[in-house]
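Observations on the model geometry
Spelled out from the first residue to the last, the chains are:
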Amino acid sequence: LIRVRKYEKSELKGNKLMLNGDEQVYFEIKYKYDGKIDKKRGQLTYRKVVEKLLKPLESVDWVTSEVGIGKKEYESLVAEFDGLGLYPQFAILTNRQHFHSNNPQFNCRITIDSDVRYFAFHYGDPFVGIEMGKEPMDKLEIKVDESNAEFVDDMDEKIIEFGGIPIDTLQSKVETMCRETVKMFGWKGPSKDSDRTIEST
């Protein structure tokens, strides 16, 4: 998972999310290595992230020094995309609250996202996202260590009793909305015509 994060209020103009290239963001790479999930991140400007990811093969040393991910891990990640340039595809804007247990022996974090809105980016314009959908319900996520797994099962049952709907991940939903947005606006993706560095479909 490759993403940038910012925690300040975002600028909206109607149904458009406006991003400032000079704004400081957190650049994160979340990956699975030896069966474990790890996350690395660094802080820099949004414009710099966009510029570097458009030339991932030339940015290996930069990414490894800025984010702290190993060279081997980053190179295998880039290989998954055939070495092609990576560009912003969608953004999620939300009002987020965190809750932690006041018992230090109980390692738990609950995150509640409300007013969730999704935005798509046209290839070649990474600074303006077009709104493509809203979440009608709040999203609640529970994170605990393995020793407290039963707590999650109990919470799931309670939340469903109150009308909650269990979901695995929003990834497939967001990908579907992205495809629909591309069709709706008649956006064209990158091709050899628009980007000479592309050598595969």
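Refer to the structure presented above.
Okay, so let's go over this structure. (Residues numbered from 1 in each chain as written. Predicted model: local features only at pLDDT ≥ 70, side-chain atom pairs only at ≥ 80, totals over all residues. Heavy atoms only, no water.)

**So, the side chain of S10**
Threshold: Per the convention used, a helix needs a DSSP run of H or I reaching at least four residues, while a strand needs a run of E reaching at least two, with both numbered from the N terminus. In protein, a polar contact requires one atom able to donate a hydrogen and another able to accept it; more generally it is a pair of N or O atoms within 3.5 Å, and residues adjacent in sequence count only if both atoms are side-chain atoms. What makes two residues a contact is simply this: any of their non-hydrogen atoms within 4.5 Å.
Among the secondary structure elements, S10 is positioned in the loop between β1 (2-5) and β2 (11-13). There is a polar contact of 3.4 Å between the side chain of S10 and the side chain of K6. The residues contacting S10, other than those within four sequence positions of it, are L17 and L93.

**Topic: the sheet that holds strand β5 (residues 36-45)**
Filter applied, for reference: Here, any two strands with at least 2 DSSP bridges between them count as paired. To obtain each axis, a line is fitted to C-alpha atoms, and for helices this fit is confined to the stretch in contact; angles are then taken between N-to-C directions over 0 to 180 degrees.
Ordered in space as β1-β4-β5, the three strands form an open sheet in which the pairing is antiparallel. The sheet is open, and its two borders are formed by β1 and β5, each paired with just one other strand. Averaged over all neighbouring strand pairs, the angle between strand axes comes to 25°, with direction disregarded. Here β1 runs beside strand β4 (residues 24-33); their pairing, made up of four bridges, is antiparallel. Bridging from a neighbouring strand, R3 pairs with E28 of β4. Strands in contact with helix α1 (residues 46-53) are β1, β4 and β5; relative to β5, the strand with the most contacts, it is inclined by about 120°.

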